[in-house]
Every structure is written in structure tokens, then in C-alpha cells.
Amino acid sequence: EVQLVESGGGLVQAGGSLRLSCAASGLSFDDYVIGWFRQTPGKEREGVSAISKGDATTTVADSVKGRFTISTDTAKNIVYLQMDSLKPEDTAVYYCAAQLRQKSDSVIYWGQGTQVTVSS
């Protein structure tokens, strides 16, 4: 069974940094795409960044390009989202998600989310 557990959210001042963690179980990073999404009330869910070790590719949204970095620790089965130069508009609930790579119609697994609040 695939399980994803996010941690690392909190309150930070603009310009500060946070590192989010997504601890994954029941999957191999070789077979799954792992992504970070964020959502605020009244807004569409936004894809932030994703990584596919099996495809040797990463993606990042234009809104966070140059500020956020996705990485993995395969030994610990953790995906990180390093967030630097945070802005108030980055405030959201951040979720990690996993899907079998090259199978876009397969089920998507979601974590419970972690709140990130950036004060001005």
C-alpha cells in the first residue's frame, strides 16, 4: 500500500526558507513520479514541482523557478522540497502525490498536506 506523509511546514517570514519532506512507503522511486502541489481556499490546485527518477526528469512551476528545489533521498524513501526566498503568495497547504510513471490514467496517491504560511 502506498502511503505519503508530509512534514516540515510552518510559519516563516518573507525571504526565509523551509524544507518540506514527503516520506513515502509502498513504492519505488524508479516506478513513480513524485510531485508537490499546493492549494489555497478559492484557488485552483497548482502543481509546484515533480521528479521522476526512472525518467531522469524534473519539472518546476514558473512561479517558483529559481527558488524551490526538489530532491530525493532514495535510501530513506523521502522526497524533499527546499523552499528558499519565500513570498507571502507561497502561503498554501502543500501536498505530495505519487503516480506510476508513464501511466497518467492510474490512481494518484496523496499525502495529508502540510501548512506553509509566509508572513510579510
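Figured I'd write up the structure that's included with this text. (Residues numbered from 1 in each chain as written. Predicted model: local features only at pLDDT ≥ 70, side-chain atom pairs only at ≥ 80, totals over all residues. Heavy atoms only, no water.)

Regarding the sheet that holds strand β7 (residues 68-73)
(1) Moving on: The four strands lie next to each other as β1-β3-β8-β7, forming an open sheet whose pairing is antiparallel. Either end of the sheet is taken by a strand with one partner, and the two such strands are β1 (3-7) and β7. Taking the axes of each pair of neighbouring strands and ignoring which way they run, one obtains an average angle of 20° across the sheet.
(2) Moving on: Bridge count for β7 against strand β8 (residues 78-83) is six bridges, and the pairing is antiparallel. Bridge pairing in β8 places Thr-72 opposite Val-79. (Pairing = 2+ DSSP bridges. Helix = DSSP H or I, 4+ residues; strand = E, 2+ residues; numbered from the N terminus. Axes fitted to C-alpha atoms, helices over the stretch in contact; angles between N-to-C directions.)

Here's the deal with the packing of aromatic side chains
Each aromatic ring pair is summarised here by two numbers: the centre-to-centre distance and the angle between the ring planes.
(1) Moving on: Taken as a whole and judged by the stated rule, the model has two aromatic pairs.
(2) Moving on: Ring pairs connect the aromatic residues Phe-37, Tyr-95 and Trp-110, which therefore count as one cluster.
(3) Moving on: In this structure, Arg-19 is placed above the aromatic ring of Tyr-80, and the distance from its NZ or CZ to the ring centre is 4.2 Å. (Phe/Tyr/Trp six-rings, centres within 6.5 Å; stacked < 30°, edge-to-face > 60°. Lys NZ or Arg CZ within 6 Å of the ring centre and 35° of its normal.)

Geometric descriptors of this kind do not, in isolation, establish any biological role.
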